[in-house]
Amino acid sequence: MRRSIQSLQAFSFSSDFGGVSARGRSDGMVSMTADELSEMLRAARQETTRHFEAENAEILKRLEQTSEDLRSALEHMIELASCLDRAKMEADDRKRARSLMAATCQIIVDGQGDLFDETLTSTYR
């Protein structure tokens, strides 16, 4: 059995999700005392300081590891150059090997700034 709609009545809808405005103000403004504002600013400064200290510690750790890796790579290049000097080879080959060795060391030293880029260092680990 179906019933037909005879009439409609207007319904006044108002949201129940508005909550109580801060300190009873109806203009949407929040009010606080000087002490409350001071405490909020102090807490924000503390949190910011903690964040930057943690970030700086991580950067310093990565910098130390990268510096150690760079030092190790250059030590290996020096050892390789010494081995090439002791190897029996033609003078032109020895000269070419030393030139390549010097160029490789120069690339490593010149490119060390790139080693600190997070996107590049994560690729090599």
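Sequence order sets the numbering: in each chain, residues are counted from 1 along the sequence as written. Given that the model is predicted, a residue must reach a pLDDT of at least 70 before its local features are reported, and side-chain atom pairs must reach 80 or more before they are shown or counted; all residues, however, enter totals for whole chains, interfaces and linings. Side-chain numbers come from the whole structure's heavy atoms, not from hydrogens or water.

Let's shift gears to the pattern of salt bridges. Within this document, salt bridges are pairs made up of a side-chain nitrogen of Lys or Arg and a carboxyl oxygen of Asp or Glu, the two lying within 4 Å of each other. What the rule picks out here adds up to four salt bridges. Arg71 is paired through a salt bridge with Glu68; the nearest N and O atoms lie 3.2 Å apart. Placement of both Arg71 and Glu68 in helix H1 (residues 34-86) is noted, with a separation of three residues, approximately one turn of the helix. Given a relative accessible area of 45%, Arg71 falls into the partly exposed group. Three exposure classes are used, based on accessible area relative to the maximum for each residue type with a 1.4 Å probe and protein chains only: buried under 20%, partly exposed in between, and exposed over 50%. Since its relative accessible area comes to 42%, Glu68 is described here as partly exposed. As a salt-bridge pair, Arg98 and Asp85 come within 3.3 Å of each other at their nearest N and O atoms. Taken as a pair, Arg98 in helix H2 (residues 91-110) and Asp85 in helix H1 lie far apart in primary sequence, 13 residues in all. A run of H or I in DSSP becomes a helix once it reaches four residues, and a run of E becomes a strand once it reaches two; helices and strands are each numbered from the N terminus.

Moving on, we get to the confidence of the model for the chain. Every residue gets a pLDDT, meaning the predictor's confidence in that residue, from 0 to 100. Scored by pLDDT, the chain has a mean of 78; 77% of the residues are at 70 or more. At the level of individual helices and strands, the chain shows its lowest average pLDDT in helix H3 (residues 118-124), which scores 48, and its highest in H1, which scores 89. Scored below 50 in pLDDT, residues 120-125 shows five contacts in the model against residues more than four places distant or in partner chains. The contact criterion used throughout is that any non-hydrogen atoms of two residues lie within 4.5 Å.

Every axis in this analysis is a line fitted to C-alpha atoms, fitted for helices over the stretch in contact. Angles between the N-to-C directions lie between 0 and 180 degrees. Taken N-terminus to C-terminus, the directions of H1 and H2 make an angle of 175°; their axes are 10 Å apart at the nearest point. It follows that H1 is roughly antiparallel to H2 by the angle criterion. Of the residues in H2, those in contact with Leu70, Leu74, Met77, Leu80, Ala81, Leu84, Asp85 and Arg86 of H1 are Arg94, Ala97, Arg98, Met101, Thr104, Cys105, Ile108 and Val109. A per-class count over the contact of H1 with H2 returns eleven nonpolar, one polar and four charged. Our angle categories are set so that under 35 degrees counts as roughly parallel, over 145 as roughly antiparallel, 65 to 115 as roughly perpendicular, and the remainder as oblique. In this classification, the charged set is Asp, Glu, Lys and Arg, the nonpolar set is Ala, Val, Leu, Ile, Met, Phe, Trp, Tyr, Cys and Pro, and all remaining amino acids, among them Gly, are polar.

We now examine H2. With 20 residues, H2 extends 28 Å between its outermost C-alpha atoms, agreeing within 8% with the 28 Å of an ideal straight helix rising 1.5 Å per residue. Of all the positions in H2, only Ala97, Met101 and Cys105 are classed as buried. Seen along its axis, H2 keeps its buried residues to an arc of 70°; they face one direction. The exposed set on the far side of H2, more than 90 degrees from its buried face, consists of Asp92, Lys95, Arg96, Ile107 and Asp110. On its buried face, H2 sits against H1. One less than the residue count of a helix, multiplied by 1.5 Å, gives the span that helix is expected to have. For this quantity, the arc is that covered by the directions from the helix axis to the C-beta atoms.

Before going further, it helps to spend a moment on a nonpolar patch on the surface. On the surface, Val30, Met32, Leu37, Met40 and Leu41 cluster together into a nonpolar patch covering about 450 Å² of accessible area. Mapped onto the fold, Leu37 is located in helix H1. Residues form patches when they are more than 30% accessible in relative terms and have no salt bridge. Like charges link within 9 Å. Nonpolar side chains (Val, Leu, Ile, Met, Phe, Trp, Tyr) link within 5 Å. Residue exposure ignores everything except the shown protein chains as possible cover, and the areas themselves are Shrake-Rupley values with a 1.4 Å probe.

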